[in-house]
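Structural features, examined
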Amino acid sequence: MKKIDGKKVAADLRLELKKKVSELKSKYNAVPGLTVILVGEDAPSKIYVKNKEKSAIEVGINSKIIKYPENLEEKVLLDKIGELNNDKEVSGILVQLPLPKHINKRKVIETIAHEKDVDGFHPMNVGNLSSGHDSSIPCTPLGCSLLLKQTEKNLSGKHAVVIGRSNLNGKPMTQLLLKENCTVTITHSKTKDLKTECLRADIIIAAVGIPKLVKGDWVKKDAIVIDVGINKTESGLVGDVDFDEVSKVAKAITPVPGGVGPMTIACLLSNTVECFKKAQSK
Ligand code: GUN
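What counts, and at which threshold
- All residue numbers refer to position in the chain's written sequence, counted from 1.
- Only residues with pLDDT of 70 or above have their local features reported here, since the model is predicted, and side-chain atom pairs are shown and tallied only from 80 upward, although totals for entire chains, interfaces and linings are computed over all residues.
- Values reported for side chains reflect all heavy atoms of the structure, with hydrogen atoms and water molecules removed beforehand.
- Axes here mean lines fitted to C-alpha atoms, for a helix over just the part in contact, with angles spanning 0 to 180 degrees between N-to-C directions.
- Labels follow the DSSP assignment, with helices taken as runs of H or I lasting at least four residues and strands as runs of E lasting at least two, numbered in each case from the N terminus.
- In this scheme, roughly parallel covers angles under 35 degrees and roughly antiparallel covers those over 145, while 65 to 115 is roughly perpendicular and the rest are oblique.
- The sense of a crossing depends on the near helix, which, turned anticlockwise from the far helix by less than a right angle, makes the crossing left-handed and, turned clockwise, makes it right-handed.
- What makes two residues a contact is simply this: any of their non-hydrogen atoms within 4.5 Å.
- All residues other than Ala, Val, Leu, Ile, Met, Phe, Trp, Tyr, Cys, Pro, Asp, Glu, Lys and Arg, Gly among them, are scored as polar; the first ten of these are nonpolar and the last four charged.
- Being near a molecule or strand, for a residue, comes down to having at least one heavy atom within 4 Å of it.
- A 3.5 Å cut-off defines polar contacts: any pair of N or O atoms within that distance qualifies, except that in protein one atom must be a possible hydrogen donor and the other a possible acceptor, and neighbouring residues in sequence count only when both atoms are side-chain atoms.
- All accessibility values rest on the Shrake-Rupley procedure with a 1.4 Å probe; residue burial counts only the protein chains present in the view.
- Only protein chains enter the accessibility calculation, which uses a 1.4 Å probe; a residue is then buried when its area is under 20% of its type maximum, exposed when over 50%, and partly exposed in between.
- Pairing between two strands is assigned when DSSP locates at least 2 bridges connecting them.
- Looking down the strands as they point away from the viewer, one classifies a crossover as right-handed if the path from the first strand across the helix to the second runs clockwise.
- The criterion is simple. A nonpolar core is a set of buried Ala, Val, Leu, Ile, Met, Phe, Trp, Tyr and Cys residues joined through side-chain atoms within 4.5 Å.
- Here, two cysteine sulfur atoms that lie within 2.5 Å of each other are counted as a disulfide.

Before going further, it helps to spend a moment on the packing of helix α2 (residues 43-59) against helix α10 (residues 260-280). Two numbers describe how α2 lies on α10: the axes approach to 10 Å, and their chain directions differ by 55°. Here α2 is positioned oblique relative to α10, judged by the angle of their axes. At the point where α2 passes α10, the crossing takes the right-handed sense. Listed contacts from α10 to Tyr48, Asn51, Lys52, Ser55, Ala56 and Val59 of α2 are Ile265, Leu268 and Leu269. When grouped by side-chain class, the residues that make up the contact of α2 with α10 number six nonpolar, two polar and one charged.

Contacts to the ligand come from Leu94, Val95, Gln96, Leu97, Asp119 and Phe121. Here a nitrogen atom of the ligand and a backbone polar atom of Val95 are 2.9 Å apart. Between Asp119 and the ligand, the recorded distance is 2.6 Å, taken from a side-chain N or O atom to a nitrogen atom. Isolated, the ligand exposes 280 Å² of accessible area, and the fraction of that covered by the protein chains is 81%.

What you tend to see is this: most non-glycine residues have negative phi, and most peptide bonds are trans. Each neighbour pair has its own omega, and for Leu97 with Pro98 the value is 5°, a cis peptide bond. Summarising the element assignment, Pro98 is placed in the loop between β4 (92-95) and α4 (105-111). Going from Val256 to Pro257, the amide bond is cis rather than trans, its omega being 0°. You can see Pro257 is positioned in the loop between β11 (252-253) and α10. Unusually for a residue other than glycine, Lys212 sits at a positive phi of about 50°. Turning to its location among the elements, Lys212 is positioned in the loop between β7 (203-206) and β8 (224-227).

It is worth spelling out the pairing of strand β2 (residues 33-39) at this point. β2 sits mainly inside the fold: seven of its seven residues count as buried. The two faces of β2 match: Gly33, Thr35, Ile37 and Val39 on one face and Leu34, Val36 and Leu38 on the other face are all buried. As paired elements, β2 and strand β3 (residues 62-68) share seven bridges and run parallel to each other. Note that in β3 the partner of Thr35 across the bridge is Lys64. Between the parallel elements β2 and β3, the chain passes through α2 in a crossover that is right-handed. Examined bridge by bridge, β2 and β4 share four bridges and lie parallel to one another. Opposite Thr35, over in β4, you have Ile93 as the bridge partner.

The next thing to look at is the nonpolar core. Ranked by size, the top nonpolar core spans 46 residues in total, and within it Ile61, Leu147, Leu148, Leu177, Ile203, Ile205 and Ile226 carry the most contacts. Per-element tally for this core: the top contributor is α10, with nine residues. Among residues more than four places away in sequence, those in contact with Ile205 are Leu148, Val161, Val162, Ile163, Asn169, Met173, Leu177, Ile226 and Val228. Ranked by size, the runner-up nonpolar core spans 17 residues in total, among them Ala201, Ile204, Val246 and Ile253.

Another point: the pairing of strand β6 (residues 183-187). Of the strand pairs in this sheet, strand β5 (residues 159-163) and β6 are connected by five bridges, and their pairing is parallel. Of the residues in β6, the one forming a bridge with Ala160 is Val184. One crossover worth recording links β5 to the parallel β6 by way of helix α7 (residues 170-179), and it is right-handed.

All told, the structure shown has zero disulfides when counted by the stated rule. With no disulfide partner, Cys139 has as its closest neighbouring cysteine sulfur the one in Cys267, 6.3 Å distant. Accessibility expressed as a relative area gives 6% for Cys139, which makes it buried. Cysteine Cys198 is unpaired, with the sulfur of Cys144 as its nearest cysteine sulfur at 15 Å. Note on Cys198: relative accessible area 0%, which makes it buried.

It is worth spelling out the environment of Asn128 at this point. The topology assignment puts Asn128 in helix α5 (residues 123-130). The sequence separation of Asn128 and Gln175 amounts to 47 residues, and the corresponding C-alpha distance is 10 Å. Look past the residues within four positions of Asn128 in its chain and what remains in contact with it is His133, Asp134 and Ser135.

Interpretation note: all reported values are geometric properties and have no functional meaning in isolation.
Structure follows, in structure tokens:
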């Protein structure tokens, strides 16, 4: 069994991006810029945003955080996004989710110029991804995809089972697997017999937020298992996969923590660099 080291893969990707940013700086006399907007006091969001800034600075991306109070008027946020859309120094815009309830998330996502949508949440990017065209790809599934490639270069013909149908991960993950010529089954809370579905899988992507849902006897011998779950329990952080059981059966598996988590921010930086490059070549 191979434990897929997300920390190491993410560190390698950041190093590669650092080189790329340095080359871009020489070529264009400018560096990519990432602006992250944080509204309110959500504790995990504050940590994520801080980590995003730290990693951006590490690779030479110009990072800016804009903080607003919880009671922010929606219009102020939309106007700020409009301003950032027109700012040449800003290659990528990310509005940290969740947003306070009085702010319309959809309106916010759709206000970000799709060319600066480093989250890949804008309908234009979602549509382009599902049509197989060039697009920003949501960071979590992009990270999963890069981790899969660590173990298996050619995924063609593999049967992948995705657990969870969120816009953040399950749906875009399905598109990425289809692009790799996988046969994909997407499962969710109403799926009748999840264990039987999982037993058919060469690849399992678990992203449902249920601690240790996927057990050892749910997994075919030599399957590859990617665990997106980050669940806080009394015994610490655990994934959606029972690591101790599944690691005895799987060919390769990501740990939690240290698997998909570190990849997400590295992929955000990669998306920012891609947005910068596209803006320069226009
Ligand atoms: N909150 C948790 N994950 C994410 C993400 O990938 N993007 C944004 N914008 N907010 C998040």
